[in-house]
Amino acid sequence: MSERPRNAPRPGTRAGDPLGSSLVSTVCVVRDLVKTYPAARARRGIPATPEVRANDGIGLDVGRGEIFGLLGPNGAGKSTLVRQLTGLMRPDSGTVEVLGHDLVRHPERASRLIGYLGQESTALDELTVALAAETTGRLRGLGARQARAERDAVLEELGLTGLAGRPLKKLSGGQRRLACFAATLVGERPVLVLDEPTTGMDPVARRAVWAAVDRRRAEHEVTVLLVTHNVIEAETVLDRVAVLERGKVIACDTPAGLKERVAGEVRVELVWRERAPLDVPEVAALRPSAQESGRRWVLRLAPDEARAAVAAVTGGEAFSALDDFTLATPSLEDVYLSLGGHATKGLVKA
Ligand SMILES: Nc1ncnc2c1ncn2[C@@H]1O[C@H](COP(=O)(O)OP(=O)(O)OP(=O)(O)O)[C@@H](O)[C@H]1O
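A quick note: this is a predicted structure, and the numbers were derived from the prediction, not measured.

*Asks:* I would appreciate a short explanation of the sheet that holds strand S10 (residues 248–253) in the present structure.
*Replies:* Taken in spatial order, the six strands of this open sheet run S6-S7-S8-S3-S9-S10, and their pairing is mixed. Looking at which strands have only one partner, the edges of the open sheet turn out to be strand S6 (114–117) and S10. Strand after strand, the sheet turns through a mean of 15° between neighbouring axes, direction not considered. Two elements, S6 and strand S7 (residues 191–195), share four bridges in a ladder whose sense is parallel. In the sheet register, glycine 115 faces S7, and the bridge partner there is leucine 192. Its contacts with the sheet put helix H5 (residues 173–185) on S6 and S7, and the angle it makes with S6 is roughly 170°.

*Asks:* Can you walk me through the site of the ligand in this structure?
*Replies:* Close to the ligand lie Tyr37, Val52, Ala54, Gly72, Asn74, Gly75, Ala76, Gly77, Lys78, Ser79 and Thr80. The set of elements that each furnish at least two residues to the shell around the ligand consists of strand S2 (52–63) and helix H1 (78–85). Sorting elements by how many residues they give to the shell around the ligand places H1 first, with three residues. Broken down by class, the residue content of the shell around the ligand amounts to four nonpolar, six polar and one charged.

*Asks:* Explain the packing of helix H3 (residues 129–139) against H5 to me, please; I cannot follow it from the model alone.
*Replies:* Helix-helix packing: each pair is described by the crossing angle between the helix axes and the interaxial distance. Following both chains from N to C, one finds H3 and H5 inclined at 25°, their axes separated by 7 Å at the closest point. Judged by the angle between their axes, H3 and H5 are roughly parallel. As H3 runs across H5, the sense of the crossing is right-handed. Where H3 approaches H5, its residues Val129, Ala132, Ala133 and Thr136 are matched on the opposing element by Ala179, Ala182 and Ala183. Partitioned by chemical class, the residues of the contact of H3 with H5 number six nonpolar, one polar and no charged.

How each quantity is defined
- Residues numbered from 1 in each chain as written.
- Predicted model: local features only at pLDDT ≥ 70, side-chain atom pairs only at ≥ 80, totals over all residues.
- Pairing = 2+ DSSP bridges.
- Helix = DSSP H or I, 4+ residues; strand = E, 2+ residues; numbered from the N terminus.
- Axes fitted to C-alpha atoms, helices over the stretch in contact; angles between N-to-C directions.
- Contact = placed C-beta atoms within 7 Å.
- Near = placed C-beta within 6 Å.
- Nonpolar A, V, L, I, M, F, W, Y, C, P; charged D, E, K, R; others polar.
- Parallel < 35°, antiparallel > 145°, perpendicular 65-115°, else oblique.
- Left-handed = near helix turned anticlockwise from the far one by under 90°.

Structural data, given as structure tokens:
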């Protein structure tokens with residue numbers, strides 16, 4: 001792992017410089033990106049769909065060696081943005097430049113610059129883990145010996161050697177995702193674009209993924225663009241985050257910078273044994289400010305309100321209905337919710 005503390009500004013960036021205008025070396029520059037999916041007429045039982053402006057004037061600068069997150073609710077436009085960044089989709093207008101290459105004009109150059117892990121992996125499903133990694137290396141121009149050497153090193157690094165001879169389609173979801181990630185790393189590219197790379201993985205596999213990403217960034221200054229819903233995981237790995245909502249960047253900063261926006265608040269989490277005792281007036285009074293998720297209530301309150309809320313639920317009648325409670329400083333998830341992200345739509349989808 002690199003020795004740079006997590007979430008410290010990257011070399012060449014300043015805290016509070018959300019667009020990274022002082023980046024020493026900018027790898028990826030996006031300006032005024034617009035993509036609209038056209039309306040479709042109804043036909044043979046398939047209902048009509050309206051026009052959708054999936055990206056609405058997006059601008060980003062990502063520096064060399066940054067781990068840069070794209071965060072946002074379902075339908076915010078993250079995958080649409082990623083498809084344009086990787087040359088797989090042409091924007092209606094705007095520019096995408098990666099390492100000085102204009103990828104709107106020359107989308108075919110993207111595959112030489114970017115290792116892309118999309119959400120689907122069907123293309124590799126028939127191959128064994130080893131062959132998927134080796135074939136990716138060959139397609140990226142490695143000689144046979146080099147492709148085999150990189151294949152073996154990456155499978156070893158990710159703990160996949162024991163599965164090398166198994167076809168991807170016969171692996172579990174998490175194992176298959178890890179094998180696809182391994183293939184993405186062979187024939188190293190200066191930029192990695194990873195769309196929810198750890199979905200379905202256990203904690204050991206997740207750590208292997210983040211360690212592999214961090215190693216490449218530390219040793220080769222690889223730049224990583226990461227799409228995620230997993231706000232808690234993102235907080236520990238990302239240098240900067242752009243929050244997308246309805247096709248626009250609504251915030252862009254370091255996780256620490258974003259958290260300063262809600263620094264005056266305290267997060268109170270209450271877990272009820274069965275259900276909240278709404279017949280207790282103090283509990284009923286808290287409900288309008290709670291984000292509810294089953295038995296779990298999360299409230300973001302001013303410090304004195306938080307103290308009063310805890311006193312109300314830990315003393316008196318409500319206490320017997322309470323299973324657990326915590327008080328904490330705000331997390332990136334709180335920032336996300338305060339920016340208008342949706343609490344219940346797959347925020348932590350891992
Ligand atoms: N092929 C398409 N045709 C029409 N509309 C589309 C198409 N693909 C996406 N959309 C719409 O564009 C918007 C952005 O979708 P996109 O897949 O980019 O969002 P996302 O942020 O990646 O979502 P998720 O987190 O669910 O993966 C959504 O409203 C979606 O319904």
